[in-house]
Each structure stands twice: as C-alpha cells, then as structure tokens.
Amino acid sequence: MPLSKKLGAEFIGTFWLVLGGCGSAVIAAKFPEIGIGLVGVALAFGLTVLTMAYALGHISGGHFNPAVTIGLFAGGRTPAGELLPYILAQLAGAIAAAAVLFLVASGKPGFDVAAGFAANGYGEHSPGGYSLPAGFIAELVLTAGFLFVIMGATDRRAPAGFAPIAIGLGLTLIHLISIPITNTSVNPARSTGPALLVGGWALAQLWLFWLAPILGGIAGATAYRWLAAAEPVSIPEVVPAAAAE
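Rules used throughout
- Residues numbered from 1 in each chain as written.
- Predicted model: local features only at pLDDT ≥ 70, side-chain atom pairs only at ≥ 80, totals over all residues.
- Heavy atoms only, no water.
- Phe/Tyr/Trp six-rings, centres within 6.5 Å; stacked < 30°, edge-to-face > 60°.
- Salt bridge = Lys/Arg side-chain N within 4 Å of Asp/Glu carboxyl O.
- Helix = DSSP H or I, 4+ residues; strand = E, 2+ residues; numbered from the N terminus.
- Buried < 20%, exposed > 50% of the residue type's maximum accessible area, 1.4 Å probe, protein only.

A. Expanded view of the packing of aromatic side chains. Across all of its chains, the model carries six aromatic pairs by this definition. With 6.1 Å between their ring centres and 70° between their planes, Phe 111 and Phe 117 make a pair best called edge-to-face. A network of ring pairs unites the aromatic residues Phe 102, Phe 111 and Phe 117 as a single cluster.

Structure, rendered in structure tokens:
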C-alpha cells in the first residue's frame, strides 16, 4: 500500500476518533442533564477505534495514535521510516476534528471553550482532582496495557478477524478507569487537538500526555514482544512402531 494512502487512512481514522470521542464528551455527556455520562463517553471512544480499525486497518494498520505507532515500532511491527509521517498525519487528523467540533459546539449559546473542551489535565484540571504523579502513572500503565492488547490481538497466531473488537473494548475499559483521573488520553494526538483550542493550562500540561503514553506504549509493546517470542521447538525423535513394541 502506498505511503500516501496509509497517511490518508491515519488522518481519517484519527479524525473520527477525536470527533467521536471528544464530541461525545463535549456535546452528549450531559444532554439532557445526565446524558450519556462517563460510560457513554468511554463506549464512544471504543467504538471509534473499533469501527475505523475494521474500515481502515487493512490500509494503514489502524494506529490513529502516536503512542501506538511508536509502541508498534518498539514491538517490531512498524518500520522506522513510517514513524514521523504517521505521527504528523495523526496530529493533522486530531487538529482538524477538534476544529470541526469547535465549530459545531460553538453553535450553542453559552458555549465556552475555556470550560475544558474535553482537554486532558491533572491537578485542578483533573475531573476528579487527581495529582500529577497519579495522572502520569495512570497514563503510562494504561497505555502499556493498550499496546499489550493491540500486539496480542493482531498477532498472526491470534484468532483472525477479531482484533478490532478486542482493541475497541480495551480502549473502552481504559476510559472507564481513567476519565476521572485525566479525562483519559493514552493518545498524544487526541490530547493535542483540544489543547490547541483551549490554550493556557491545557497546553502547559500537554507534555504529560505525550511523555507518559509514549513510554507506556514502548513498555507494553516490548513486554509483549518478549513474552510472545517463539522459542525453539525440540522435535522428539520418531520411534518406529515396530521398535516401540
């Protein structure tokens, strides 16, 4: 598949992830009053990855996340030459989706982008008031788990055709755990799009949502690569039936 088509797929897939996931948080989470809530937002993020993994995974691999791309490189699944182009395409898709979401959300009277706009944060900007160390640990460990799931589900020895389901449900689970902690990143591109529009504190805290997911992605993919590495198989000597009697 030409690199240009792979990059187009990564742009579209990341656009869909940010528009669907962050859009559910900004527009639908509290509509009306309770809305879809935390569970609905978590499910929305999972569904974005599940649907686009099926739609575009055969074109680009369906990364839609710089931490996934870097993790898969560490896991031996992505060539070095695709790292930067993939990440740039993912960032472009995330920023475009955030811009579209802003245009839609700002059509409602009283909309205030400074209220958060689904940006990720820690400390006073954490939904549950969690500290910087808590946010860092959560993002690192959960991204590691996400890459472990991705590596395992896409292993050639795994059941064929089910990887997007496992990956989508894995991302849903991650959001169910960590929305109260950091509003859930595990994806530097997803964090960058909203942060550019919120500015201020969101940009100041953005470093965590690059560093922790990338470290976690490398750790998870490397751990799976070690665990699943094929060991030499010792083939027992074939004993003729007559000799065995």
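B. Up close: the pattern of salt bridges. Using the criterion set out here, one finds two salt bridges in the structure. Between Lys 6 and Glu 82 there is a salt bridge, and its shortest N-O distance comes to 2.8 Å. With Lys 6 in helix 1 (residues 3-28) and Glu 82 in the loop between helix 3 (66-74) and helix 4 (83-105), this pair connects stretches of sequence that are 76 residues apart. A salt bridge links Arg 157 to Asp 155; the nearest nitrogen and oxygen atoms lie 2.8 Å apart. On the basis of relative accessible area, Asp 155 is assigned to the buried category, the value being 9%.

Just distances and angles here, no functional claims.
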